[in-house]
Every structure is written in structure tokens, then in C-alpha cells.
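# Commentary on secondary and tertiary structure
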Amino acid sequence: MQPVMQVPLLDLAAQYAPIRDAVVDALTRVVDTQQFILGPEVSAFEAEVAAYLDAAHAIGVTSGTDALLVAMMALGIGPGDEVIVPTYSFFATAGCVTRLGATPVLVDIEPVGFTIDVDAVRQAITPRTRAIIPVHLYGQAADMTAVMAVAGEHGLAVIEDAAQAIGATYHGRALGTIGQFGCFSFYPSKNLGAAGDAGLVTVAADGHAAIVRMLRVHGAQRTYHHERVGGNFRLAALQAAVLRVKLQHLRVWTEARRTNAARYRTLFAAIRPTIPVDLPVELPGRRHIYNQFVVRAARRDALRAHLRDHGVGSEIYYPVPFHLQPCFASLGVPPGALPVAERASQDTLSLPIYSELTEAQQRYVVETIAAFYARG
Ligand SMILES: *Cc1c(COP(=O)(O)O)cnc(C)c1O
């Protein structure tokens, strides 16, 4: 039987349709200049993002992964160093630490916000600890007051993984501007998505910003004169051009996601009898931008199959915490050691929340979930 309605997890075509002409014009403008790497288009984008976030420095890079990598390189993190990361995030958060020869120290998350458990961070600190990477998961802030306090007490750097959180705030401050570094991804499924891979680092200190800019071009301050070993982390001008067009719409798109989240709350509240689904919680002082709308659901996998059969897209972010990944087995963190993350990996499910989602589609998603539990 054909589903009554199709509700994809994300509909980039719907977002693109009304801005098509502007995107094509921007791409044409860059192609006509034949200047493809960095240059004025990238500088303009950086200035616009810095203004959007009220960041001291914004530096465009190749991806969110490279944003994390270059921030840690700027701090000189390497072999013998430890970096504390939540065990529950996208792989890059921990993978970058290992790639630099340092050791990711995996800690559990908080059960409500899904972000790093700062009590666990305190317990994980050793003389080798150099930095903490709080992840603003799904678009909502980690407990930055507590993170900054513990970092300050121990002289640790804070690198915010804000890949999912552009425009989200913590007590009014944009995420990515609270720690020494903020790392953003413009992977197409992020709230601000490029036409391919792209990313950005926000940097608080002028000195660090100069180092990141240098590392971005193989550690050369002057071409062919290398002060440090960096990499090719250059943002492409075509990506910057697309991102500049989309940045103009980001406030409206973000509001639409928040409106959709509020509507889900109303629709779910109306379901009787109550179903075993917990909705995401907006914590005080934290403006959530809903890169994902993540519920916790009983019989999650069966629910997901039911949604798929009825035309509704969903996804599991993330099915396996870092400490249970084969590549991190050598860290020696056994199953059961980080139980909050393990539970989240078993019962969380992302529902469609993108800006162009219609009320009818949302009703259909909620009705389809209600029907699954009514069936028993
Ligand atoms: C997407 C993402 C990244 C990596 O960004 P890429 O642009 O895909 O390299 C890092 N951390 C988190 C939390 C992410 O969601």
C-alpha cells in the first residue's frame, strides 16, 4: 500500500527552490572571476558570519572536521596530550583527537540535553589534559558555564563543537564564541548547508586566529615559507558564495524550525492516551536551533520501521557511542561504562524538523506515531 503522504527527514530541494536564482547568480559571479580558492568571496563570507555570531574572528575552512582539526593544531595538541570529549556525537569530534596523536578521553553525557556531563569531565582531568570539546548536540548548548569554570580552574582550552548549532545561543551569546575556538560545519544537512563540504572556525584570540589562518595554507605566512606544518584547509570560493546567499535566510529558517518544534509539542500533547515518547527539552537560557528534533521512544527500531513503511523519514543520531566503536577499543572503555550515552543510542530518534515542513506533514508524522503505539 502506498503511504498517504511522504515526509522526508530533510528536503533540501524545498529549501533550494525559492533561492535558486540567487544561488545560480552567486555561482556565476565566482565562475566568471575564475578565482576559486579563498579570495574576496571567502573574506566577505567570513565577515558576514563574524557579524552574525558576534565573533572576534571567523575563518572559513574545508569542513567541520577540519575546523576541529585545525583548532587543535593551533593549540599544539599532539602525542601525550589528552582531550576530553563526550562519547556521544558525530565521529569527527573524537576522530580528530586521535588523528593528531593525542588521546580522546571519553565521558558520558547528560540525560536531558544529551551534552557533555561536566561532573564526568572533572573526574577525567589528569596532568596530561589539554582541552575539552563540548558538543552542542542537535543544536542546543552544552552547560557552558560549568565547562568554562572547570576549564578555567585547570588551565584547559575549550573548543566548542558547534557543527550542529549555528545561531544557537547560551544566555544570549552565540555558541562558538564562548570558548577559545568554535567549530562549524556547512555539510548540506546542517542548518546552514553548502553545496558540498565546508566549515568554519571562530576564534576568540587574535594570536590564535593568525595561527589558524597560517595552518589553513600549510603553515605558511608567506607562500612557500612555512613556519609550521599545517594543511590544505582552504574554503572554496564557490562554497562561500552559496553560503552567503543562504546566510541571509538563516534567521527565518531557524525561526521556522523552532516553530515546527513548538507545533510538534502541541500535536503530541493532544494525543490521548499518552504514548511512550519523550520530546526534546529546551533547557533554561539555551536557545535551541533544532538541527535535529530528537525524541526518545519505546521500541525505537520498530517505530522507525513503521515510520518508513508509512513514508516518514527518520534517523538515529547516533546508534553507537564512541567507546563502543571498534577503532576506539584500545581506549579500554567497556560496555556499560557510559550508560547515559548507551541508553540514548538505543532510544533516540530524529524526526523531520526542516524549515519547509508543513503543518499537514507534522500532523501526519504524529498520527503515524500514535497509530504505531495504538496497534500495541
Ligand atoms: C557534522 C559534524 C561534524 C563534522 O562536520 P563535517 O563538515 O561533516 O566535517 C563535527 N561534529 C559534529 C557534532 C557534527 O554534527
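Residues numbered from 1 in each chain as written. Predicted model: local features only at pLDDT ≥ 70, side-chain atom pairs only at ≥ 80, totals over all residues. Heavy atoms only, no water.

## A short note on the side chain of T177
Structurally, T177 is set in the loop between β7 (173-174) and β8 (181-185). T177 has contacts with L53, D54, A55 and E160, leaving out every residue within four places of it along the chain. (Helix = DSSP H or I, 4+ residues; strand = E, 2+ residues; numbered from the N terminus. Contact = heavy atoms within 4.5 Å.)

## Details of the site of the ligand
By nearness alone, 13 residues border the ligand, and T65, D161, Q164, S185 and K190 come closest of all. One of the side-chain nitrogen or oxygen atoms of D161 is found 2.8 Å away from a nitrogen atom of the ligand. S185 is positioned such that a nitrogen or oxygen atom in its side chain is 2.6 Å from an oxygen atom of the ligand. Relative to its unbound accessible area of 380 Å², the ligand is 94% covered by the protein chains. (Near = heavy atom within 4 Å. Polar contact = N/O pair within 3.5 Å; in protein donor to acceptor, adjacent residues only side chain to side chain. Areas by Shrake-Rupley, 256 points an atom, 1.4 Å probe, with all protein chains shown as cover.)

## Digging into unusual backbone geometry
It is generally the case that most residues other than glycine have a negative phi and that most peptide bonds are trans. That bond from Y317 to Y318 is cis: its omega, 10°, falls within 30 degrees of zero. If you trace the backbone, Y318 turns up in the loop between α11 (300-309) and α12 (339-347). With a phi angle near 50°, L38 is a residue other than glycine that sits in the positive phi range. Mapped onto the fold, L38 is located in the loop between α2 (20-33) and α3 (39-53). Overall, the relative accessible area of 18% leaves L38 in the buried class. A positive phi angle is found at F114, which is not glycine, with a value near 65°. Following the sequence through the fold, F114 ends up in the loop between β3 (103-107) and α6 (118-124). (Buried < 20%, exposed > 50% of the residue type's maximum accessible area, 1.4 Å probe, protein only.)

## Some points on the packing of aromatic side chains
When we look at a pair of aromatic rings, we describe it by the centre distance and by the angle of the planes. Evaluation of the coordinates by the stated rule reveals 12 aromatic pairs. Summarising the aromatic geometry, the rings of F45 and F186 are spaced 5.5 Å apart at their centres and angled 75° between planes, so their arrangement reads as edge-to-face. Placement of the pair is F45 in helix α3 and F186 in the loop between β8 and β9 (199-203), with a sequence separation of 141 residues. Taken as a pair, F45 and F186 share a single burial class, namely buried. Look at Y290 and F293: their rings are 5.9 Å apart centre to centre, the planes differ by 35°, and that puts the pair in the tilted class. Judged on exposure class, the residue Y290 and its partner F293 are both buried. (Phe/Tyr/Trp six-rings, centres within 6.5 Å; stacked < 30°, edge-to-face > 60°.)

## Describing the packing of helix α4 (residues 64-74) against helix α8 (residues 206-216)
At a minimum axis separation of 9 Å, α4 and α8 run at an interaxial angle of 120°. Classified by the interaxial angle, the pair formed by α4 and α8 is oblique. When you trace α4 past α8, the crossing you get is right-handed. Counting all contacts with α4, which are made through V70, M73 and A74, the residues of α8 involved are I211, V212 and L215. (Axes fitted to C-alpha atoms, helices over the stretch in contact; angles between N-to-C directions. Parallel < 35°, antiparallel > 145°, perpendicular 65-115°, else oblique. Left-handed = near helix turned anticlockwise from the far one by under 90°.)

## With respect to the pairing of β3
In regular strands, side chains alternate between the two faces of the sheet. Judged by how many residues are buried, β3 sits mostly within the fold: four of five residues are covered. With five bridges joining them, strand β2 (residues 82-86) and β3 adopt parallel strand pairing. Across the sheet, the residue bridging to V83 is P104, located in β3. Remark: the β2/helix α5 (residues 92-99)/β3 crossover connection has right-handed handedness. (Pairing = 2+ DSSP bridges. Right-handed = clockwise from strand over helix to strand, strands pointing away.)

## Notes on the sheet that holds strand β12 (residues 277-278)
Strand order in the open sheet made by the three strands is β12-β14-β15, with antiparallel pairing throughout. Strands at the two margins of the open sheet, each flanked by one partner only, are β12 and β15 (348-351). When β12 meets strand β14 (residues 293-297), the two strands line up antiparallel, connected through two bridges. Residue pairing for β14: D278 is matched across the bridge by R296. Sheet strands touched by α11: β14 and β15. Its angle to β15, the strand with the most contacts, is close to 25°. In the packing of α12 onto the sheet, the strands contacted are β14 and β15, and the crossing angle to β14 comes to about 95°.

## Focus: the domain arrangement of the protein
Domain boundaries assigned for the protein yield domain 1 (13-247) and domain 2 (250-374). Domain 1 puts 47 residues into the contact, and the matching count from domain 2 is 34 residues. Taken as a group, Y138, Q140 and N191 account for 20% of the area that domain 1 buries against domain 2, more than any other trio of residues on that side. Taken together, the links from domain 1 to domain 2 amount to zero salt bridges. (Domains from an automatic or database assignment. Buried area = accessible area lost by both parts, 1.4 Å probe. Salt bridge = Lys/Arg side-chain N within 4 Å of Asp/Glu carboxyl O.)

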